[in-house]
Amino acid sequence: MDDILAVLNPAQREAVEAPDGHVLVVAGPGSGKTRVLTHRVGYLTERSGISPYRIMAVTFTNRAAREMKERLHGLLGYQILREITIGTFHAICVRILRREADHLPYDRDFAIYDQGDQVSLIRQCLRELNLDDSDFSPRSIQNSISRAKSQMIGPTEYVPARYEHEAVARVYRRYQRLLLENNALDFDDLLMVTVQLLRGNKEVLDKYQRQYQHILVDEFQDTNVSQYAILKLLAGGHGNLFVVGDEDQSIYAWRGADFRNVERFRGDYKDVKVILLEQNYRSTQTILDAAHNVISRNVQRVPKKLWTENDPGSPVTSLEAYDEQEEAQYVLDEIERLIAEDGYSSGNLAVMYRTNAQSRALEEVFVRGGVPYKLVGATRFYERREIKDALAYLRVIHNPRDGVSLRRIINVPRRSIGRKTIDQLELWAESQGVSLFEAMQMLRQHEDAPVGGRGRTSLLGFLELLEELIAVRRELGVLELLDLVLDLTGYGSYVRDGSDEGEERWENINELRGVAREYSSLPLEESLTTFLEEVALVSEVDNLEEQAQAPCLLTLHMAKGLEFPVVFIVGLEEGVLPHQRSMETPEELEEERRLFYVGITRAKDRLFLLHTFRRALFGRDELSEPSRFLADIPSELLQGQELGEPPSLPTAASDTTRFQDGDRVRHPQFGKGVVLNSKALGDDEEVTVIFRSVGIKRCLVGLAGMEKA
DNA sequence: GTGGCCCCCATTTTT
DNA sequence: TGGGGGCCAC
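Since the model is a prediction, treat every value here as computed from it, not as a measurement.

A. Structural context of the pairing of strand β6 (residues 214-217). In β6, alternate side chains face the same way, and those of His214 and Leu216 on one face and Ile215 and Val217 on the other are all buried. Pairing geometry for strand β2 (residues 55-59) and β6, over four bridges, is parallel. In the strand pairing of β6, Ala57 is matched with Leu216. This β-α-β element, β6 to helix α12 (residues 225-234) to strand β7 (residues 241-245), shows right-handed connectivity.

Here it is, written out as structure tokens:
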């Protein structure tokens, strides 16, 4: 144990050895917070003699949970992992909810609805309420409901803030009822219902309070109201709540995360011990200085400053490219140079951007250059159609009341159950107050049901198939069950239709089979439940191998928690970062700034910041202005220039004009611009120029005194 | 019931 | 500029 403590710096050690009670560790990027968390567990078990069974460690991502398990394994051995509870909020809540299902209106096999499922269900609500989904976007209703739930505002408490939210209130009530009928919980329910359970059942609460004597929380700034409520409830008895977080890295406010929880935490308990981890082990001093200058402009933060014993390192490179193609080309050239000359391996490099759409230009250039890359999280595996379909079959088998999944596959592959038949069945099910599946079963006895002749036969055939699969679900492992589904339902051959696309989709199914295989060692009873649960709660970054052997392309959001020796951040322009839609309020702007800060602090030794002169946006060419955040970095930390000549464009270049399409110019009044067009006019020359300051202008070269820039 | 066309839209997405 | 979803026509 002394060895374990010896590797810590004084602040880390103070955190690890903090006495019982409420502890807030403010941990800047690269300050070793995972180390503090794992060593704290070691300290509690080895030094204080706490049983690992009494410890809960909560993270936000499965990746963080896995990393923590690996580190604990290395530090304390395998045995501890069998007893300690480590997982995401959602995973831990699911476990509690399944175990306590008797206290809930849901049964143990409940489904977990992701955002796509939620939107489907909301569409259904809108239909049933005769609301037009063109007036009310299902997506935005989903968002409103999600927000309400993350603050534990239930359907009956929901008060529409504005007139437009009137519909949300009506949908919310129905939506929540339908979830119950479907025996399903959405992501937000996993938290909200857990709060309700713990609040409503003294014995249940006591049980978990007694079990979990020590609760440790990672990324505390990302908790929302209901997550914080869960923590307060669970720690209510003993008060041993150890949270680690950094307000400066809060980038999920738009999803309900509320970093003011950090302040609340300090206010809610009198005994909070606050420890600052300011020594950074990741980046060069130059990178940290740049980061500091950016983040310190934020008003809503507790002042702190990272320092490091690392070398000052190279200056940050900042430059302007002509457009996004040139920007991408620069990145690629530089990447090749870094590999060839500076000894970096391709997996050391990352390119980050604000929006996924920005990956396109990069990808095109990489593909053209024949350079492999890893695009993180663009089309997510579990959102692929074939994967959702295959899973929908398994979900219906697992929980036949899951109407969203049933509807998804009822006619996939085609089995002559058309729109009309489904509508009839849906209406009838509703009038009988039963689920779709039950309605199908009732069709057998009810000759008079208002469900069409041919459709009826098809439905009964499909029902038999499902019942057959349900009957064997506890006798087969997930893989066998999946294979049986693919075979009996014809979905396998439906996907493999001979086309290339079909082959690709089959490959994806095969990948899913590979995942299913991993669950084969579990007892058959739990195999399907566990599989569906984990598959519902994974994300894309979870599968990002630590060292991919190719440069990573990823959004700034996805970069959180990662680090790379070399980082490129592209598109540092007003409207892109900060994003156009996040410039309205100071709060949004501060979050954009934090996002930039997160990006900067991912870099270990080299950082490149790029912006363009003009950028194609939605097919339109727009002049871009350098991001205001760039101006926050003192010039002595920067090196760089505008890139050389703009790419020569394949236009009819005339020798009679001095200026040509694509030339950069400087106008005494309008400043910098790029020539769009030029033609001789008398003994002068008329040029059309797009200026950064004023947009497109036509002027005479001689008269204006324009110069090549 | 299905396929094709047209129109609309366009951040970020730990679970 | 490109993709996805809804509607209309066969």
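B. Main features of the protein's contact with DNA strand C. As a structural note, the neighbourhood of DNA strand C is formed by Arg123, Arg360, Phe618 and Gly619. A breakdown of the atoms of DNA strand C within 4 Å of the protein gives sugar and phosphate a share of 46%. Contact between DNA strand C and Arg123: a phosphate oxygen at 3.3 Å from a side-chain N or O atom of the residue. A class-by-class count of the residues in the surface near DNA strand C yields one nonpolar, one polar and two charged.

C. Here's a closer look at the packing of aromatic side chains. Scanning the model with the defined rule gives 13 aromatic pairs in all. Relative to Phe613, the ring of Tyr322 lies with its centre 6.4 Å away and its plane at 15°, an arrangement referred to as stacked. Taken together, the residues span a long stretch of sequence, with Tyr322 in the loop between β9 (316-321) and α15 (324-342) and Phe613 in the loop between β14 (603-612) and β15 (614-617) at a distance of 291 residues. For the pair Tyr322 and Phe613, one class covers both residues: buried. Note on Phe568 and Phe608: the rings are 4.5 Å apart at their centroids and 15° apart in plane angle, and the pair reads as stacked. Residue Phe568 is located in strand β13 (residues 564-569), and its partner Phe608 is located in strand β14; the two are separated by 40 residues in the primary sequence. One exposure class covers both Phe568 and Phe608, and it is buried. An aromatic cluster is built from Phe220, Tyr228, Phe265 and Tyr269, whose rings are joined through pairwise contacts. The lysine or arginine in question, Arg98, covers the ring of Phe110, its NZ or CZ lying 4.2 Å from the ring centre.

Here is what the cut-offs are and how they apply
- Residues numbered from 1 in each chain as written.
- Chains lettered and ligands numbered in written order.
- Predicted model: local features only at pLDDT ≥ 70, side-chain atom pairs only at ≥ 80, totals over all residues.
- Heavy atoms only, no water.
- Buried < 20%, exposed > 50% of the residue type's maximum accessible area, 1.4 Å probe, protein only.
- Helix = DSSP H or I, 4+ residues; strand = E, 2+ residues; numbered from the N terminus.
- Pairing = 2+ DSSP bridges.
- Right-handed = clockwise from strand over helix to strand, strands pointing away.
- Near = heavy atom within 4 Å.
- Polar contact = N/O pair within 3.5 Å; in protein donor to acceptor, adjacent residues only side chain to side chain.
- Nonpolar A, V, L, I, M, F, W, Y, C, P; charged D, E, K, R; others polar.
- Phe/Tyr/Trp six-rings, centres within 6.5 Å; stacked < 30°, edge-to-face > 60°.
- Lys NZ or Arg CZ within 6 Å of the ring centre and 35° of its normal.

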